[in-house]
Amino acid sequence: MVKVKVFDSSAARSSKRIVDPAPVTDAKAFYDVVESRRSTRIYADVPVPEDVVRRAMDAALKSPNSSNLQAWEIHWVRTPEKKALLAAHCLGQPAATTAQELFVFVARPDLWRRNNNRMIAHLRSSPGTPEKAFQYFEKITKIVYNQGPLGVFRPFKWIWFTVRGWSKPTPREPIALAHMDIWAHKTTALACQTFMLAARAEGFDSCPMEGLDSHRVKKLLGLPRRAGITMAISMGKRAEGGIFGPRFRFPSDDFIFEH
Ligand SMILES: Cc1cc2nc3c(=O)[nH]c(=O)nc-3n(C[C@H](O)[C@H](O)[C@H](O)COP(=O)(O)O)c2cc1C
């Protein structure tokens with residue numbers, strides 16, 4: 001029989017944690033941003049102020065991310081030569097060629113250990129860090145994310161997790177380099193969405209693009225083999241006719257399930 005450990009919420013509530021009350025927020029402002037964000041295929045000839053871009057990038061890096069290991073990078077491609085090349089590598093689509101600004105969001109599963117070490121150093125320099133937080137980054141992440149050279153730990157981890165899973169809830173992934181790619185892309189995709197919503201909140205528009213030649217884009221940015229292109233994102237102000245038709249979604253009943 002599977003043992004299920006019940007979480008003791010009263011103990012958690014009484015533990016000494018930082019008091020960080022939730023501020024009042026403007027729900028309407030948020031939904032206005034969500035409703036008005038559209039993938040923009042043709043941009044007007046209106047520059048995006050640098051501070052707008054920087055705020056949007058800062059917001060993106062505040063996105064939730066797995067284990068706070070921040071396995072993402074934002075590459076802001078600024079020089080005219082590189083921008084032209086990137087637009088060409090985005091298959092010459094107008095969302096790229098007419099863009100005022102171009103970015104590439106990159107997943108870095110290969111940097112988990114570097115960032116884990118940085119996290120440990122950060123915790124060491126933060127007084128009052130609970131022992132459990134150290135344990136997480138000193139032990140757990142090293143078991144969870146280490147796949148061995150070329151992913152050779154996979155069969156061992158599979159056996160271990162499968163056998164453990166017979167008796168108790170057990171994480172099944174990541175147990176392969178491909179799972180690490182998914183892990184980093186999930187985190188990076190959340191940063192992409194925050195970035196696009198931030199652009200809209202600032203009065204600008206964006207388009208996510210996976211229609212690109214990832215091999216050439218990686219070469220252009222000087223990225224290593226294990227880095228992955230999550231997507232390119234263009235930014236600017238939508239031109240008249242720059243949105244190709246009204247937004248369409250299938251009925252939400254087909255996608256929302258209640259259990
Ligand atoms: C991962 C991803 C990749 C996408 N790639 C492209 C692309 O290469 N070119 C493009 O014009 N739109 C691209 N889109 C935009 C989608 O076509 C668009 O989000 C969808 O049609 C819904 O429209 P909306 O964003 O205006 O709501 C992409 C979107 C996502 C999330």
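Values in this document were obtained by computation on a predicted structure and should not be read as measured data.

Thresholds applied
- Residues numbered from 1 in each chain as written.
- Predicted model: local features only at pLDDT ≥ 70, side-chain atom pairs only at ≥ 80, totals over all residues.
- Heavy atoms only, no water.
- Helix = DSSP H or I, 4+ residues; strand = E, 2+ residues; numbered from the N terminus.
- Buried < 20%, exposed > 50% of the residue type's maximum accessible area, 1.4 Å probe, protein only.
- Polar contact = N/O pair within 3.5 Å; in protein donor to acceptor, adjacent residues only side chain to side chain.
- Contact = heavy atoms within 4.5 Å.
- Pairing = 2+ DSSP bridges.
- Disulfide = S-S within 2.5 Å.
- Axes fitted to C-alpha atoms, helices over the stretch in contact; angles between N-to-C directions.
- Parallel < 35°, antiparallel > 145°, perpendicular 65-115°, else oblique.
- Left-handed = near helix turned anticlockwise from the far one by under 90°.
- Nonpolar A, V, L, I, M, F, W, Y, C, P; charged D, E, K, R; others polar.
- Salt bridge = Lys/Arg side-chain N within 4 Å of Asp/Glu carboxyl O.

S.K.: I'd like to hear about the side chain of Thr170, residue by residue, with values.
M.R.: Mapping Thr170 onto the fold places it in the loop between α8 (154-165) and α9 (177-201). For Thr170, a relative accessible area of 11% puts it in the buried group. In terms of polar contacts, Thr170 uses its side chain to reach the backbone carbonyl oxygen of Lys168, at 2.8 Å. Residues within four places of Thr170 in sequence aside, it is in contact with Phe161, Arg164 and Gly165.

S.K.: Before we move on, could you go through the pairing of strand β2 (residues 101-107) and cite the residues and values that matter?
M.R.: Of all seven residues making up β2, seven are buried, and the element is well covered by its neighbours. Of the pairings in the sheet, the one linking strand β1 (residues 72-77) to β2 comprises six bridges and is antiparallel in character. Pairing of Glu73 across the sheet is with Val106, part of β2. Alignment of β2 against strand β4 (residues 228-236), held across seven bridges, turns out to be antiparallel. Bridge pairing links Val104 to Ala232 in β4.

S.K.: Give me the lowdown on the state of the cysteines, citing residues and values where you can.
M.R.: Going through the model one piece at a time under the given rule, you end up with zero disulfides. Free cysteine Cys90: the closest other cysteine sulfur is in Cys207, separated by 9.5 Å.

S.K.: Account for the environment of Val104, with residues named and values stated.
M.R.: For Val104, the location among the structural elements is in strand β2. Here the alpha-carbon distance between Val104 and Ile229, two residues 125 residues apart in the chain, equals 7.1 Å. Sequence-distant contacts of Val104, that is, excluding residues within four places in its chain, are made with Glu73, Ile74, His75, Leu86, Val217, Leu221, Ile229, Met231 and Ala232.

S.K.: Hey, could you go over the packing of helix α4 (residues 80-89) against helix α10 (residues 214-221) for me, with residue numbers and the actual values?
M.R.: Orientation of α4 relative to α10, taken along the N-to-C sense of each, is 165°, at an axis distance of 9 Å. Comparing the axis directions of α4 and α10 gives the class roughly antiparallel. Judged by the twist between their axes, the crossing of α4 over α10 is left-handed. Across the interface between the two elements, Lys82, Leu85, Leu86 and His89 from α4 touch Arg216, Val217 and Leu220 from α10. By residue class, the composition of the contact of α4 with α10 is four nonpolar, one polar and two charged.

S.K.: Break down the sheet that holds β4 for me, with residues and values.
M.R.: One open sheet holds the four strands; their spatial order is β1-β2-β4-β3, and the pairing between them is antiparallel. One side of each edge strand has no neighbouring strand; the edge strands of this open sheet are β1 and β3 (205-209). Across this sheet, the average inter-strand angle for adjacent strands is 25°, counted without regard to direction. Relative to β4, α9 is tilted by about 5°, and along the sheet it contacts β1, β2, β3 and β4.

S.K.: Help me get a handle on the pattern of salt bridges, residues and values and all.
M.R.: Summed over the entire model, instances satisfying the criterion amount to 13 salt bridges. With its nearest N and O atoms 2.6 Å apart, the salt bridge here joins Glu202 to Arg55. One end of the pair, Glu202, is in the loop between α9 and β3; the other, Arg55, is in helix α3 (residues 50-60), with 147 residues separating them in the sequence. Residue class for Glu202 comes out partly exposed when judged on its relative accessible area of 28%.

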